[in-house]
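Single-letter residue listing:
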Amino acid sequence: MPRPKTTTKSDEKALTPRATDFSAWYNEVVMRAELADYSPVRGCMVIRPNGYAIWEQVQRALDQMFKETGHQNAYFPLFIPESFLSKEAEHVEGFAPECAVVTHGGGKELEEPLVVRPTSETIIYAMYAKWIQSYRDLPILLNQWANVVRWEMRTRLFLRTMEFLWQEGHTAHATEAEAEAEARQMLHVYRTFMEEWMAMPVVTGRKTDSERFAGALRTYSCEALMQDRKALQAGTTHNLGQNFAKAFEVTFQTQEGDLAYVWNTSWGVSTRLVGALVMTHGDDHGLVTPPKLAQYQVVIVPIYKSDEERTRVLEMADHVHRELRLAGIRTHLDARDGLKPGAKYYEWEGRGVPLRLEIGPRDVAGGTVMLARRTGGKKESLATEGLGRNLREIMDRVQEDLLDAARARREAASIRGVTKAQFIDFMAADGGFAYGGFCGNDRCEMEIKEQTKATIRVLPDEEFRSPTAPAKCMWCGQPSQGEAVWAKAY
Ligand SMILES: [Zn+2]
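Everything quoted here is computed from the prediction, not taken from an experiment.

Some thoughts on the pairing of strand 18 (residues 368–373)
Piece 1. Among the six residues of strand 18, five are classified as buried, and the element is accordingly described as predominantly covered.
Piece 2. Of the pairings in the sheet, the one linking strand 17 (residues 355–359) to strand 18 comprises four bridges and is antiparallel in character. Looking across to strand 18, one finds that Arg356 is bridged to Ala372.
Piece 3. In terms of strand pairing, strand 18 meets strand 19 (residues 380–383) through four bridges, oriented antiparallel. The residue bridging Thr368 from the neighbouring strand is Ala383, located in strand 19.
Piece 4. In this antiparallel pair of consecutive strands, strand 18 and strand 19, the connection spans six residues, and Gly376 shows a positive phi of 100 degrees.

So, in structure tokens, the structure goes:
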């Protein structure tokens, strides 16, 4: 998109280009769009209104999808008795190092320290043990929207912070098959959301044991490739088997009258998705938001010189604003005085608003508006008659184009059927998704990680696999157990 022609304010410095320093670019985009800010507590983040508005759109869409698949929301406490965490051996090993622990309250030392939840399996399954007696009580399909705390040392806005917002689904089922179907169903829900709402293509599949959730039988993941060709784990679902049921004595009477342990799943996505959105679509001018998740889908900028023009232009801008809002389009009218149109363009561009309408005296006379897309292309004049319907169609196209462009970028950054030598070169250069045979041996996995920093993102689901299954492990040459997708990851 061409730069505005008006003079720029002194703080309108160009962003660091993505190609120069992607990580600096990312921080600048987040700050310029006012999505988040650093907090007085190191490692924590303040989510500012523009960032929170995106998160609210994410929540709204996902919450509806969860409810459509039969889930209800509930809320469990922030504090978990420390002893709960140690009941599941793998779970405590995985989470204890990053737990915040409360030892004092009300001026006294607590009898039992309380862990600030890093995730809620333990407290939720302790409650399920109370609520579940018979097969008639199953399944339980709950979700909670909450914050969690993990004591991270190296933090990045949205991507890794000590406290973050997320949703965690927790279900209990009578059979392993049902739990497996639930974990797969929610992976599909995540994928649908990421592709249709975020316009972010993902590769889905199973995690290897070394990347599995602490305490799970199987972990499934949605993996997206960012513009710097690093992978981002965007959402995971877990078939927990009976591990937590056994630790918390979650049993039920079967139809046959026997006593059995339930089968659990858990699944979550977090405010990390806002970071994923930035890194998937942003450009050197700032944030690009897919219309479906934008706080404002359309911003109207009135253009006038004299007071007389101002009156006429604002009257029409007001009218268009009302009409679009009535048509269900999230629209903002930027009627600020004393700020040149160019400065407004610049600001809304940095904030990623998909469509901008300019209305000047000539538009008032002709019953038209001038449309500029955040994603570029020529400006076009549109009639105010039928504008809502017209903009909707344009937004649908923008949404699709963003997904297509992201998919094309990912495919251009993917290599299939790699040999060891190609793999080493690929990871040493720009990197991306590398598909190759894997022997299933975790020693191979570790060696690859040490030498190339790449990890297995997933053992991909069938539709993502290469047409011919690899015969050998790309690293050690032993027979391949299946295809794997490697990348360097966030
Ligand atoms: Zn191997």
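A few points about helix 8 (residues 272–281)
Piece 1. The element helix 8 is extensively covered by neighbouring structure, given that ten of its ten residues are classed as buried.
Piece 2. Every buried residue belonging to helix 8 is among Arg272, Leu273, Val274, Gly275, Ala276, Leu277, Val278, Met279, Thr280 and His281, and all of these are buried.
Piece 3. The secondary structure elements touched by the buried residues of helix 8 are helix 1 (22–32), helix 2 (49–68), helix 6 (176–196), strand 11 (231–241), strand 14 (263–270) and helix 12 (387–412).

Considerations on the coordination of the zinc ion
Piece 1. Taken together, the protein donors to the zinc ion comprise Cys439 (SG), Cys444 (SG), Cys473 (SG) and Cys476 (SG), at separations of 2.3 Å.
Piece 2. Coordination at the zinc ion is tetrahedral, judged from the four donor atoms that bind it and the angles of 102 to 116 degrees they form at the metal.
Piece 3. Positions of the donor residues of the zinc ion, expressed as sequence spacing, correspond to C-x4-C-x28-C-x2-C. With Cys444 in helix 14 (residues 442–452) and Cys476 in the loop between strand 22 (455–460) and strand 23 (482–487), this pair connects stretches of sequence that are 32 residues apart.
Piece 4. Residue Cys476 is classed as partly exposed on the basis of its relative accessible area, which comes to 35%.

Quick word on a negative patch on the surface
Piece 1. A surface patch of negative charge is lined by Glu393, Asp396, Glu400, Asp401 and Asp404.
Piece 2. Here Glu393 is to be found in helix 12.
Piece 3. Judged by relative accessible area, which is 44%, Glu393 ranks as partly exposed.

A short note on the sheet that holds strand 7 (residues 140–149)
Piece 1. The mixed open sheet is built from eleven strands, whose spatial order is 3-7-8-14-11-10-9-22-23-21-20. Two strands in the sheet have a free side with no partner beyond their single neighbour: strand 3 (72–73) and strand 20 (414–415).
Piece 2. In terms of strand pairing, strand 9 (residues 203–206) meets strand 22 through two bridges, oriented antiparallel. Opposite Gly205, over in strand 22, you have Pro460 as the bridge partner.
Piece 3. Sheet strands in contact with helix 8 are strand 11 and strand 14, and its direction is about 145 degrees off that of strand 11.

A word on the side chain of Ser266
Piece 1. Relative to the helices and strands, Ser266 is located in strand 14.
Piece 2. Within the structure, Ser266 has its side chain in polar contact with the side chain of Glu121 (distance 2.8 Å).
Piece 3. Those residues in contact with Ser266 that lie beyond four places of it in its chain are Glu121, Tyr125, Gly169, His170, Thr237, His238 and Leu240.

Quick look at the packing of helix 2 against helix 6
Piece 1. Two numbers describe how helix 2 lies on helix 6: the axes approach to 11 Å, and their chain directions differ by 145 degrees. In this structure, the crossing between helix 2 and helix 6 has a hand that is right-handed. For the pair helix 2 and helix 6, contact is made by Val58, Ala61, Leu62, Met65 and Phe66 and by Met186, Val189, Tyr190, Thr192 and Phe193, respectively.
Piece 2. The residue inventory of the contact of helix 2 with helix 6, partitioned by class, reads nine nonpolar, one polar and no charged.

Remarks on the pattern of salt bridges
Piece 1. Following the criterion strictly, the structure yields 25 salt bridges and no others.
Piece 2. One salt bridge connects Arg212 with Glu90, and the closest N-O pair in it is separated by 3.3 Å. Taken as a pair, Arg212 in the loop between strand 9 and strand 10 (218–225) and Glu90 in helix 4 (residues 89–95) lie far apart in primary sequence, 122 residues in all.
Piece 3. A residue is classified by how much of its surface remains accessible, and Glu90, at 37% relative accessible area, is partly exposed.
Piece 4. One salt bridge connects Glu223 with Lys207, and the closest N-O pair in it is separated by 2.8 Å. Placement of the pair is Glu223 in strand 10 and Lys207 in the loop between strand 9 and strand 10, with a sequence separation of 16 residues. Note on accessibility: Glu223 and Lys207 belong to one class, buried.
Piece 5. Within the structure, one salt-bridge network assembled from shared partners comprises Glu34, Asp334, Arg336, Lys344, Glu347 and Arg351.

Comments concerning the sheet that holds strand 15 (residues 298–302)
Piece 1. In space, the five strands of this open sheet follow the order 16-15-17-18-19, with mixed pairing throughout. With one partner strand each, in any of the chains shown, strand 16 (331–333) and strand 19 form the two edges of the open sheet. Averaged over all adjacent pairs, the angle separating strand axes in this sheet is 30 degrees, with direction ignored.
Piece 2. Bridging between strand 15 and strand 17 involves five bridges; their strand directions are parallel.

Remarks on the environment of Phe22
Piece 1. Tracing the backbone shows Phe22 in helix 1.
Piece 2. Among residues more than four places away in sequence, those in contact with Phe22 are Gln227, Asp228, Met279 and Tyr490.

How each quantity is defined
- Residues numbered from 1 in each chain as written.
- Predicted model: local features only at pLDDT ≥ 70, side-chain atom pairs only at ≥ 80, totals over all residues.
- Heavy atoms only, no water.
- Buried < 20%, exposed > 50% of the residue type's maximum accessible area, 1.4 Å probe, protein only.
- Helix = DSSP H or I, 4+ residues; strand = E, 2+ residues; numbered from the N terminus.
- Pairing = 2+ DSSP bridges.
- Contact = heavy atoms within 4.5 Å.
- Donors = N, O, S within 2.8 Å, 3.2 Å for Na, K, Ca; no water.
- Tetrahedral: all angles 85-135°; square planar, octahedral: opposite > 155°, others 65-115°.
- Patch = residues over 30% accessible without salt bridge, like charges linked within 9 Å, V, L, I, M, F, W, Y side chains within 5 Å.
- Areas by Shrake-Rupley, 256 points an atom, 1.4 Å probe, with all protein chains shown as cover.
- Salt bridge = Lys/Arg side-chain N within 4 Å of Asp/Glu carboxyl O.
- Lys, Arg positive; Asp, Glu negative; His and termini not counted.
- Charge placed at Lys NZ, Arg CZ, Asp CG, Glu CD.
- Axes fitted to C-alpha atoms, helices over the stretch in contact; angles between N-to-C directions.
- Polar contact = N/O pair within 3.5 Å; in protein donor to acceptor, adjacent residues only side chain to side chain.
- Left-handed = near helix turned anticlockwise from the far one by under 90°.
- Nonpolar A, V, L, I, M, F, W, Y, C, P; charged D, E, K, R; others polar.

Keep in mind these numbers describe shape, not what the thing actually does.
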